[in-house]
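# Geometric and topological summary
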Amino acid sequence: MAKKKIGQNFLIDKQVAEREVDYVNPSEEDIVLEIGPGKGIITKLLAKKVKKVIAIEIDSQLINNLESTLPDNVTLINADALKIDFKSLPAFNKIVSNLPFQISSPITFKFLKYPFSKAVLIYQKDFAKRMVACSGSKDYSRLSVGIYYKTHCRILETVSKEFFFPIPKVDSSIVELIPRENPPFKALNEQFFFDITKKLFGHRRKKIKNILEDVYSKLENLPYLDKRVEELTPEQIGELSNLLFKINH
Ligand code: SAM
């Protein structure tokens, strides 16, 4: 029985799995981290094309089944991917996953704390839309700003929910994430920028002035006060955050 609570919607279409692996541009030098190998549909295809796969699976029952069916270049680890320190793993350069949707956001931001060249990840379609959304769109969110700041992100294709079992409520998207070498603009203090972004999107329909005046004084000379955060590009949010940071530190 698939365990709904830990996002067990298994991919059942081999062609989708093959495309997922091809998008990685697998090479014989690659060491690939896979989160949630499940029954191994992606893992087995990947293992044929890369040097090594490190697969982290939380469900020990699945681990037992997988152990006898996977080739020697797959290292299986029975752990929670949110808890394990990736530094304790052999160094990897790429990431692949059909992600359990419950952990989409925290695992994505965890990936971005470690070095890698490319990730190819399957998310729920709506989450993927929020990842790539631009200012002015209804999907534009704190997630869009964080992903834009840290990565080059694009949706590669939409996958029908019929290609998973049990069939989930919504379609999925395959997403490519490439970490940026340098951020697209300079945040004087990254944590402050992320905190301000969170605060502003917590009240996306309010004018910026009305959100900030509860916390900060001396707002007079700041730009964009009569706008709502959903109208501002990440660069403009960065500009506002830098000015606020300078006034207050
Ligand atoms: N890769 C398989 C496939 O494509 O069919 C399974 C994908 S399924 C959407 C997600 C997998 O992640 C399941 O096998 C589930 O047990 C595992 N999983 C869920 N939460 C996890 C976590 N925190 N750490 C590691 N694995 C997790």
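Overview of the structure. Predicted model, so just to flag it, every value in this text is computed and none were measured.

### Quick look at the packing of helix H6 (residues 142-150) against helix H7 (residues 190-201)
Between H6 and H7, the shortest axis-to-axis distance is 9 Å and the interhelical angle comes to 155°. In this view, H6 runs roughly antiparallel relative to H7, as classed from their interaxial angle. The two elements H6 and H7 meet at a crossing, and its hand is right-handed. The residues of H7 that touch H6, namely those facing Arg142, Val145, Gly146, Tyr149 and Lys150, are Glu190, Phe193, Phe194, Thr197, Lys198 and Phe201. For the contact of H6 with H7, the class distribution of residues is 5 nonpolar, 2 polar and 4 charged.

### Side note on helix H1 (residues 14-23)
Inspection of H1 places Val16, Ala17, Glu20 and Val21 among the buried residues, and these make up the whole buried set. Buried residues of H1, viewed axially, fall in a sector of 140°; they line one side. Among the exposed residues of H1, those pointing more than 90 degrees away from its buried face are Lys14 and Gln15. Against the buried residues of H1 lie strand E1 (10-11), helix H2 (41-47), strand E5 (94-98), strand E6 (118-124), strand E7 (151-159) and strand E9 (172-179). The N-cap of H1, judged by a side-chain oxygen 3.1 Å from the amide nitrogen of glutamine 15 a few residues on, is aspartate 13. Following H1 by one or two positions, asparagine 25 has its phi on the positive side, about 50°.

### Some thoughts on the packing of helix H4 (residues 104-111) against H6
At a minimum axis separation of 11 Å, H4 and H6 run at an interaxial angle of 20°. Relative to H6, the element H4 is oriented roughly parallel. Here H4 runs over H6; the crossing is left-handed. On H6, the residues that touch Ser105, Thr108 and Phe109 of H4 are Leu143, Gly146 and Ile147. A class-by-class count of the residues in the contact of H4 with H6 yields 3 nonpolar, 3 polar and no charged.

### Some thoughts on the pattern of salt bridges
If you walk through the whole model with that rule in mind, you get 12 salt bridges. In this structure, aspartate 22 engages lysine 49 in a salt bridge whose closest nitrogen and oxygen atoms are separated by 3.3 Å. Highlighted residues: aspartate 22 in helix H1 and lysine 49 in the loop between H2 and strand E3 (52-57), separated in sequence by 27 residues. Relative accessible area serves as the criterion here: at 39%, lysine 49 is assigned to the partly exposed category. When the shortest N-O distance is used, the salt bridge between arginine 204 and glutamate 230 registers 3.1 Å. Here arginine 204, found in the loop between H7 and helix H8 (208-212), pairs with glutamate 230, found in the loop between H8 and helix H9 (234-248); they are 26 residues apart in sequence, far enough to count as distant. By relative accessible area, which is 23% here, arginine 204 ends up partly exposed. Three or more residues joined by partner-sharing salt bridges are found here, namely Lys118, Arg154 and Glu176.

Calculation criteria
Residues numbered from 1 in each chain as written. Predicted model: local features only at pLDDT ≥ 70, side-chain atom pairs only at ≥ 80, totals over all residues. Heavy atoms only, no water. Axes fitted to C-alpha atoms, helices over the stretch in contact; angles between N-to-C directions. Helix = DSSP H or I, 4+ residues; strand = E, 2+ residues; numbered from the N terminus. Parallel < 35°, antiparallel > 145°, perpendicular 65-115°, else oblique. Left-handed = near helix turned anticlockwise from the far one by under 90°. Contact = heavy atoms within 4.5 Å. Nonpolar A, V, L, I, M, F, W, Y, C, P; charged D, E, K, R; others polar. Buried < 20%, exposed > 50% of the residue type's maximum accessible area, 1.4 Å probe, protein only. Arc of directions from axis to C-beta. Polar contact = N/O pair within 3.5 Å; in protein donor to acceptor, adjacent residues only side chain to side chain. Salt bridge = Lys/Arg side-chain N within 4 Å of Asp/Glu carboxyl O.

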